[in-house]
Amino acid sequence: MLGWGVDRLRADMSRLLAILFHQGVLDEQFLQLQQLQDESSPNFVSEVVNIYFHESEKLLRNLRGLLLDREFSDYKKMGIHLNQFMGSSSSIGANRVRNVCVAFRAASEQNNRAGCLRALELLEHEYCYLKNKLHELFQMEQQRVLAAGARYPLQQQQQH
């Protein structure tokens, strides 16, 4: 019975990943990141992604702070934050977040404050969607690992 739970969780994870790829939320870089995970580093992907979340939230705060400053005129500084955000998003396969950063940077290069504010709202939306979905994926993974681990003692008891 526990085996079915593991299989179902694995199928749910695959379905969620397929949706995220179909929606363009993730790209092949996320798969490459997953391939780096093995028994010696079973939490590699979630650890890398959590570092990304931590850094991204700082960048979002910085971007919002720059744009909400009435005296704002430092579009170059904004571009530096956006380049960091684009790079880290690319490295984990956060495709839609990266794409919004590209549009945001274009608005900042044109010193378009209204365009930057719209892009920031969209960036925050895409980031939150990504974060929620990846947390959902990691929770399923934890449940799958726990369910798979719970099977072994039961199998050993049946052998005695």
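Residues numbered from 1 in each chain as written. Predicted model: local features only at pLDDT ≥ 70, side-chain atom pairs only at ≥ 80, totals over all residues. Heavy atoms only, no water.

As annotated in an unreviewed UniProt entry, the chain carries the name Histidine-containing phosphotransfer protein and is attributed to Salix koriyanagi. For the record of the chain, the UniProt heading Function (unreviewed entry) holds the text "Functions as a two-component phosphorelay mediators between cytokinin sensor histidine kinases and response regulators (B-type ARRs). Plays an important role in propagating cytokinin signal transduction." (UniProt positions renumbered as here; feature names shortened; annotations may be inferred.)

J.: Kindly report on the UniProt feature "domain: HPt" (unreviewed entry) in the chain, identifying the contributing residues and their values.
T.: Residues annotated by UniProt as "domain: HPt" (unreviewed entry) correspond here to residues 41-137. Across residues 41-137, helical content stands at 86% and strand content at 0%; the span's end C-alpha atoms are separated by 17 Å. (Helix = DSSP H or I, 4+ residues; strand = E, 2+ residues; numbered from the N terminus.)

J.: Explain the packing of helix α3 (residues 44-68) against helix α4 (residues 75-92) to me, using residue names and the numbers behind them.
T.: Axis separation between α3 and α4 bottoms out at 10 Å; the angle between their running directions is 160 degrees. The orientation of α3 with respect to α4, classified from their angle, is roughly antiparallel. As α3 packs across α4, the resulting crossing turns out to be left-handed. Here Val 48, Val 49, Tyr 52, Ser 56, Leu 59, Leu 60, Asn 62, Leu 63, Leu 66 and Leu 67 of α3 come into contact with α4, specifically with Lys 77, Met 78, His 81, Leu 82, Gln 84, Phe 85, Ser 88, Ser 89 and Ile 92. Across the contact of α3 with α4, the residue classes break down as 12 nonpolar, 6 polar and 1 charged. (Axes fitted to C-alpha atoms, helices over the stretch in contact; angles between N-to-C directions. Parallel < 35°, antiparallel > 145°, perpendicular 65-115°, else oblique. Left-handed = near helix turned anticlockwise from the far one by under 90°. Contact = heavy atoms within 4.5 Å. Nonpolar A, V, L, I, M, F, W, Y, C, P; charged D, E, K, R; others polar.)

J.: Please provide a residue-by-residue account of the nonpolar core, values included.
T.: Nonpolar side chains in soluble globular proteins tend to end up buried together. Judged by nonpolar contacts, the single largest core of 41 residues is most densely connected at Val 49, Tyr 52, Met 78, Phe 85, Phe 104, Leu 123 and Leu 134. For this core, the elements supplying multiple residues, two or more each, are α1 (2-22), α2 (28-35), α3, α4, α5 (95-109) and α6 (113-159). Here this core gets 10 residues from one element, more than from any other, and that element is α6. The contact partners of Leu 123, leaving out residues within four places of it in the chain, are Leu 60, Leu 63, Phe 85, Val 97, Val 100, Cys 101 and Phe 104. (Core = buried A, V, L, I, M, F, W, Y, C linked by side-chain atoms within 4.5 Å. Buried < 20%, exposed > 50% of the residue type's maximum accessible area, 1.4 Å probe, protein only.)

J.: Pulling in residues and values, what's your account of the state of the cysteines?
T.: Following the criterion strictly, the structure yields 0 disulfides and no others. The thiol of Cys 101 is not disulfide-bonded; the next cysteine sulfur, from Cys 116, is found 12 Å away. Free of any disulfide, Cys 128 has its nearest cysteine sulfur in Cys 101, 13 Å distant. A relative accessible area of 43% means that Cys 128 is categorised as partly exposed. (Disulfide = S-S within 2.5 Å.)

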